[in-house]
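Examining the three-dimensional arrangement
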Amino acid sequence: MTSTGADAVIATVFDAGSFRSWDSAPIAVPADPHYRAALAAAAARSGTDESVITGEGRIDGRRVAVVCSEFAFLGGSIGVAASDRIVRAVERATAERLPLLAVTASGGTRMQEGTLAFLRMAAITAAVTAHKAAGLPYLVYLRHPTTGGVFASWGSLGQITLAEPGALIGFLGPKVYAALHGEPFPSGVQTAENLHAHGLVDAVLPTGALAGVTAHVLSLLDPPQPGPPPAPVPSQGPVASDPPAWQAITATRGPDRPGVHDVLRLAAVDHVALAGTGEGEASDGLLLALARFGRQSCVLIGQDRRAQARTPLGPADLRIARRGMRLATELRLPLVTMIDTPGAALHPDAEEGGLAGEIARCLADLIALPVPTVSLLLGQGTGGAALALLPADRVLAAGNAWLSPLPPEGAAAILHGDPDRAPEVAELQGVRAGDLHRAGAVDAVVPEHPDAAVEPGAFSRRIAAAVENELHRLRRTDDARLTARADRLRRLGLPG
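In this report, the structure presented in the accompanying data block is examined. Since this is a predicted model, take the numbers as computed values, not measurements. (Residues numbered from 1 in each chain as written. Predicted model: local features only at pLDDT ≥ 70, side-chain atom pairs only at ≥ 80, totals over all residues. Heavy atoms only, no water.)

Topic: the nonpolar core
Ranked by internal contacts, the top residues of the largest apolar core, which has 91 residues, are Leu290, Phe293, Met338 and Ile463. In this structure Phe293 touches Val263, Leu264, Ala268, Val269, Cys298, Met338, Ala464, Val467 and Glu468, once residues within four positions along its chain are discounted. Counting residues in each nonpolar core, the second largest holds 30 residues, with Trp22, Ala82, Leu100 and Val128 among its members. (Core = buried A, V, L, I, M, F, W, Y, C linked by side-chain atoms within 4.5 Å. Buried < 20%, exposed > 50% of the residue type's maximum accessible area, 1.4 Å probe, protein only. Contact = heavy atoms within 4.5 Å.)

Considerations on the pattern of salt bridges
For the structure on display, the rule yields 31 salt bridges. Linking Glu96 and Arg63 is a salt bridge whose minimum nitrogen-to-oxygen distance equals 2.6 Å. Here Glu96 is found in the loop between α3 (80-95) and β4 (100-106), whereas its partner Arg63 is found in strand β3 (residues 62-69), with 33 residues between them in sequence. On the basis of relative accessible area, Glu96 is assigned to the partly exposed category, the value being 30%. Taking the relative accessible area as the measure of exposure, Arg63 reaches 28% and is therefore partly exposed. The closest approach of N and O atoms between Arg462 and Glu455, which form a salt bridge, is 2.4 Å. Exposure remark for Arg462: the relative accessible area of 3% places this residue in the buried category. (Salt bridge = Lys/Arg side-chain N within 4 Å of Asp/Glu carboxyl O. Helix = DSSP H or I, 4+ residues; strand = E, 2+ residues; numbered from the N terminus.)

Remarks on the packing of aromatic side chains
The full count for this structure, using the stated rule, is two aromatic pairs. Ring centres 6.1 Å apart and planes at 50° place the aromatic pair Phe14 and Phe19 in the tilted group. Given the relative accessible area of 6%, Phe14 is considered buried. With 4.8 Å between their ring centres and 80° between their planes, Tyr177 and Phe185 make a pair best called edge-to-face. Taking the relative accessible area as the measure of exposure, Tyr177 reaches 14% and is therefore buried. (Phe/Tyr/Trp six-rings, centres within 6.5 Å; stacked < 30°, edge-to-face > 60°.)

Here we look at the sheet that holds strand β14 (residues 394-398)
Spatial strand order, β9-β10-β11-β12-β13-β14-β15: seven strands in an open sheet with mixed pairing. What marks the edges here is a single partner per strand, and that holds for β9 (270-273) and β15 (444-446). Shown here is a sheet whose adjacent strand axes are inclined to one another by a mean of 25°, direction ignored. Inspection of the sheet shows strand β10 (residues 286-293) paired to strand β11 (residues 296-303) by eight bridges, in the antiparallel sense. Residue pairing for β11: Leu287 is matched across the bridge by Gly302. Along the sheet, helix α12 (residues 315-331) contacts β10, β11 and β12 (335-341); its crossing angle with β10, the most-contacted strand, is approximately 30°. (Pairing = 2+ DSSP bridges. Axes fitted to C-alpha atoms, helices over the stretch in contact; angles between N-to-C directions.)

Structural notes on the side chain of Ser18
Its location among the elements puts Ser18 in the loop between α1 (6-13) and β1 (20-21). The exposure class assigned to Ser18 is buried, which follows from its relative accessible area of 16%. A distance of 3.0 Å separates a polar atom in the side chain of Ser18 from the backbone nitrogen of Arg58. Ser18 has contacts with Glu56, Gly57 and Arg58, leaving out every residue within four places of it along the chain. (Polar contact = N/O pair within 3.5 Å; in protein donor to acceptor, adjacent residues only side chain to side chain.)

Focus: the packing of α12 against helix α14 (residues 355-368)
The geometry of α12 relative to α14 is characterised by a closest axis approach of 9 Å and an angle of 15° between their N-to-C directions. Taken together, α12 and α14 sit at an angle that is classed as roughly parallel. In terms of crossing hand, the pair formed by α12 and α14 is left-handed. From α12, Pro315, Leu318, Arg319, Ala321, Arg322 and Met325 reach across to α14, where they touch Leu355, Glu358, Ile359, Arg361, Cys362, Asp365 and Leu366. (Parallel < 35°, antiparallel > 145°, perpendicular 65-115°, else oblique. Left-handed = near helix turned anticlockwise from the far one by under 90°.)

Okay, here's the thing in structure tokens:
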């Protein structure tokens, strides 16, 4: 597999005739005669004066800054001059408030320049960190090959990370591994497809599809367009009194009850699923996506109870959730969580993987999140896996949703030594949406049919409308939300 030249990549990704270079002559660095000859040969071979080109163009009419590797120039390696060019481009993109696309193809640090070139990766990282801290998008497209210090710094900092099909991507280059260990690196590990399977890359796509995906992602990050307030939540009609707790619990366990994927498919205006997530049988237990409900965009973290029936939520899923929280902070988007879980994984691997610590860190991160937050009990809400995504500025619940520290059968076993008394225990524990609303733990209950499976579209639209209304309301609040959030939690359950 050969790497496509930077000029060809830019011509493919940017609107025709829109690219404008930001590059000036590279700064001079100390070079012995052999290195000077290698630089001259690299320039003649590649047609560029360094291993990166930078500039701006338009993607679907939108200004986007770019840093693009040229692998034909000394393997796309990064020395002092190349890193200076990257830093200047990132800083300019930040100053002009442009989204930044990094397109990598590099063997890493330029060995001819040694340690100083290696240390310059930190300078690039600092510039990218400042760009993201300014609330600006940073997208990365990993091309063949991307290894070493590039992959271990600015190549791994994307809020959205895409990769070229079949690309070699890894920290330690296979030639170096073979030289150090006397055997080849195991095949199939350092590939774009394997990284995607492990949740490290959001999508694998050809260069020809990069413009469309970039435009799609950036459109989801646009602020809401002016317009009238959202329509009220569609009514189900007269809502009866709370269903018996066990009836609600049984309803949420039904195999055909709509879940988070159904809400996105049937009621969201648009969405882009990110790493660690999928659809249908390929789905993991936790979905991370950029989504738009009505005119309101958000980062969505949603639990897929159908997938959890096969693989319960574990520490890795909660790390994906925490990535979603960081993404919301960096992109200055509100965060929406949808809770629908029979409970976290209960096995030795989860314990050794730090499940309890990940639940605690999810809670801490969510409580301290600087952006507006909405959580929604979509169905089942069992134990720490539910609690980890619950505290928010506004908490909603579907009519049959429920929340409990353990599955009701487990609580009954503790209290009575008899799991068959679960219906009785559930009624006494106040697990239902209505109970939680009266106690102040839930702000609003979204009405639903006694069996949501008979009206998946209408159910999903009510959920989406409720989320849109809350996001619209919260966008108008001020930065006092952190204090209000803490006060709410402090008062919860106290008398008076």
